[in-house]
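Listed below are the residues making up each chain.
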Amino acid sequence: MASRGARARGLLWVAGLGLCGTAAVLLVAVLVRTYGTRPSALAPRLWERGEQPQRLAPAFSPRERQELKEALQGAIRIQTVSFSPDDQNLTALAEFEPYIRKAFPAVFSATFIQHEVIGGYSHLFTVEGSNPQLQPYMLLAHIDVVPASPDNWDVSDPFSAEERDGFIYGRGTLDNKNSVMGILHALEFLLRRNYRPQRSFYIGLGHDEEVGGQKGAKKIVAVLESRGVHLSFLLDEGSFIFDGVITGIDKPVALIAVTEKGAITANLTVVSEPGHSSAPPKRTSIGILSEALSKLEQHPMPNLFAHGPELIMFEQLAAEFRFPLNIIMANLWLFAPLVSRFLEQNPATNALIRTTTAITMFHAGVKSNVIPPSANATVNFRIHSSQTVNEVLEIVDKTIDDKRVKIEMMDAFDPLPVSPWEDQTFGVQVFRQTILDVFPDVGSVAPGICIGNTDSRHYSNLTNAIYRFNPVIFKPNDLPRFHGLNERISIEAYEKQVEFLFQLIQNSDLNQPTEPHIHEL
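Parameters at a glance
Residues numbered from 1 in each chain as written. Predicted model: local features only at pLDDT ≥ 70, side-chain atom pairs only at ≥ 80, totals over all residues. Heavy atoms only, no water. Helix = DSSP H or I, 4+ residues; strand = E, 2+ residues; numbered from the N terminus. Contact = heavy atoms within 4.5 Å. Areas by Shrake-Rupley, 256 points an atom, 1.4 Å probe, with all protein chains shown as cover. Pairing = 2+ DSSP bridges. Axes fitted to C-alpha atoms, helices over the stretch in contact; angles between N-to-C directions. Expected span 1.5 Å × (residues − 1). Buried < 20%, exposed > 50% of the residue type's maximum accessible area, 1.4 Å probe, protein only. Arc of directions from axis to C-beta. Salt bridge = Lys/Arg side-chain N within 4 Å of Asp/Glu carboxyl O. Core = buried A, V, L, I, M, F, W, Y, C linked by side-chain atoms within 4.5 Å. Phe/Tyr/Trp six-rings, centres within 6.5 Å; stacked < 30°, edge-to-face > 60°. Lys NZ or Arg CZ within 6 Å of the ring centre and 35° of its normal.

(A) Representation of the overall build of the chain in the model. For the chain, the count of helices and strands is 14 helices and 21 strands. If you take every contact in the chain between residues at least 6 apart in sequence, the share linking residues at least 24 apart comes to 82%. Carbon together with sulfur atoms contributes 54% to the accessible area of the chain, which is approximately 23,600 Å² in total.

(B) Highlighting the sheet that holds strand β17 (residues 406–413). As summarised here, the arrangement of the 4 strands in space is β14-β16-β12-β17, forming an open sheet in which the pairing is antiparallel. The sheet is open, and its two edges are formed by β14 (356–364) and β17, each paired on a single side. Looking at each pair of strands side by side, their axes are set apart by 20° on average, direction ignored. Summarising the sheet, strand β12 (residues 262–271) and β17 pair through 7 bridges and their orientation is antiparallel. Looking at the pairing, Asn267 lines up with Glu408 of β17. Against the sheet, helix α7 (residues 285–298) makes contact with β12, β14 and β16 (374–383), and its axis sits at roughly 15° relative to β16, the strand it touches most. Relative to β17, helix α12 (residues 389–400) is tilted by about 160°, and along the sheet it contacts β12, β16 and β17.

(C) Highlighting the side chain of Gln503. Note on placement: Gln503 falls in helix α14 (residues 491–507). Each residue touching Gln503, except ones within four places of it in the same chain, is listed here: Arg55, Leu56, Pro58, Thr434, Asp437 and Val438.

(D) Spotlight on helix α5 (residues 177–192). For α5, which comprises 16 residues, the first-to-last C-alpha distance of 22 Å matches the rise-based estimate of 22 Å (1.5 Å per residue) to within 8%. Buried residues dominate α5, accounting for 15 of its 16 residues. Of the residues one or two after α5, Asn194 is the one with positive phi, at around 65°.

(E) The environment of His185, seen in detail. Relative to the helices and strands, His185 resides in helix α5. Taking the C-alpha atoms as reference, His185 lies 8.8 Å from Leu501; in sequence the two are 316 residues apart. Excluding its chain neighbours within four sequence positions, the residues that come into contact with His185 are Glu67, Leu68, Ala71, Phe104 and Val498.

(F) Quick look at helix α6 (residues 217–226). Where α6 is concerned, the buried positions are Ala217, Ile220, Val221, Val223 and Leu224. Seen from one end, α6 has its buried residues packed into an arc of 160°, which puts them on one side. Against β3 (113–118), β4 (122–127), β5 (137–142) and β8 (201–206) lie the buried residues of α6. Immediately beyond the C-terminal end of α6, within one or two residues, lies Gly228, with a positive phi of roughly 70°.

(G) Just the pattern of salt bridges, in detail. For the structure on display, the rule yields 21 salt bridges. For Arg404, the salt bridge goes to Asp402, with nearest N and O atoms at 2.9 Å. On the basis of relative accessible area, Arg404 is assigned to the partly exposed category, the value being 44%. For Asp402, a relative accessible area of 19% corresponds to the buried category. It is possible to trace a salt-bridge network through shared partners that takes in Arg65, Glu495, Lys496 and Glu499.

(H) The arrangement of the nonpolar core in detail. One finds Ile113, Phe125, Met181, Leu317, Ile435, Tyr467 and Phe500 to be the most contacted residues of the largest nonpolar core, which totals 95 residues. Ignoring sequence-local partners within four residues, the contact set of Ile113 consists of Val107, Phe125, Thr126, Val127, Leu187 and Leu191. Of all hydrophobic cores here, the second largest spans 20 residues; its members include Leu268, Ile288, Leu296 and Val389.

(I) Geometry of the pairing of β12. With respect to burial, β12 is a largely interior element, 8 of its 10 residues being buried. In terms of strand pairing, β12 meets β16 through 10 bridges, oriented antiparallel. Note on β16: the bridge partner recorded for Ala263 is Arg382.

(J) Region of interest: the packing of aromatic side chains. Following the criterion strictly, the structure yields 16 aromatic pairs and no others. Counting every residue linked through ring pairs, the aromatic cluster contains Tyr137, Phe201, Phe233, Phe426, Phe431 and Tyr467. Of note, Arg196 hangs over the ring of Phe112, and the distance from its end group to the ring centre comes to 4.3 Å. In this structure, Arg488 is placed above the aromatic ring of Phe167, and the distance from its NZ or CZ to the ring centre is 3.7 Å.

Have a look at this one:
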C-alpha cells in the first residue's frame, strides 16, 4: 500500500499535468485566434462577380485642381456660424446658395437633378438615375460651423481660408464644408464628363447640424418620408482614415462609424437662502453643487469595453497591430480586462468604452459679499452604445445622492442603432471598394464608433444602414483641431476626398443584387 506522501506526490503530478494541459489548450486557442482565419479587411472588387462597367478615372486636370482649391476657399470665407439654435448667421447662410449655384453650373443645370431649399437654408438635391429599379442612397454634409475666435490661430483670421505650406486653414475645412464642396464637386466633374448615374441618390446639406439639426436635417427627412423614400445606405461625416493615431498600428486604417453615441444635456441646480457673507451658512449653493460635480468627475460611468461595437472594431484591426499587441487584440475573450484598463487612460479611447461626463458650464453668485441664492451647471454626457438615457440618469442620481441638487434634463437621445457590417452589405461593399481605389495604402477597413453626433441620427426612419466616414487622412496632431485652433485640410487630402466621392458615385452604380424598388423622385 502506497504511503500517504507518495499519494500526495502523485496527486500533485496529475494536477500539474492538468494545469499544463489547460495552459496548452489556452496557448493553442490564442495562436489560432491570432494567426488563423481573420475577418476580411478589404472585400474583393465589386465587379469580380460580373462584367466590369465602363468607369471614368478621377484624372483631374491642373485647372480642375485649382478650381477645387479655390471653390473650397470661397466656401470657408462665408461665415456660416451657428452659436445656438436661435442664433445663427442667417446672412451668411443666405449667401451660400448663390455661391454654390455659381461654383457648380453643371449640377444646377442638369435636367435630371432637382434642387430644393428646405427650412430656409438647407439644400436637398435629388439626382434621378437611369435605372429606377435600383434603390437610392444618400450623401450628407452640413454647411454651418462652430464659432472661431482669431486668438492663437497660426493665421490672421479663421475665416480667411489662407493657404500655408500646402494646407488651407479655416473653420469648416474639416467640419464640414470639405464634404459639402467635395460632394458637389465630385458630381460636377462627373457631369462634365457626361456621366449619368444609374442609381438615384440624394444629397442633403443641413444648415444647423452644429446646434441639433432641428430646422435643417429633420425637415429634409420629413420631405423624404412624405415621398415614401427608403435608402439602401446613407453616408455622413464622423470618422476618418487614421494614420499614426492608433498605438501599435503602422499602416493607415479606415474606420467607418456604424453608430454614434447618445447624448444628455442636463442642468444641475441648487437653490439656497441668500444672505450677507459676514454670516455664511455651513454650506452655500456653490459648495453643494461643487461637491455634486466633483462626485461625477471622481466616479466616472462604468467601463463597458466589449459591450458595444468597439469589440468588433479591435477584433477586425487585430492583424494590423504589431507584436505582441496583435496577440492581445486577437484574443479579447482573454485579454479584454487588460485592454479596457489601457484604453481608459487616454481621453480619445476612453470615450469609446464608456459614457463620458463633461462639466461644460457653471454659473453662480451676484456679488462678492452676498451668499449666492442659486448655483447651476450644465453637464454633457455622451452615452455608450450599450446604455440608455434612463440608465445614465439613474447612475447620475445615485452618484450625487443629494436631494438638494435638482437634475433637469434639457435634451437627450439614446445611442443610435448599429448599422450592418456584413461583407454582403451593399454600402459596406461600396465603401471598401472605393477606399481600395483611392487609398491603396490603407491596411484595413473596420467598423468604428462616432463619439460625437451628426445629422445622420435624424435619418433612421429612412434606412438602417447609416455610416459616418470622412475620407480624409487624419494624423495625431489633427485631433485638437476639431472645434479648436488651426482647423485645416491639406490641398492633397481635399483632392483625394473629391476623388473618393467621384469613385463612390460610380461604384454605387455597379450591379449588385438588390431588391427591386420603385421610388418617387
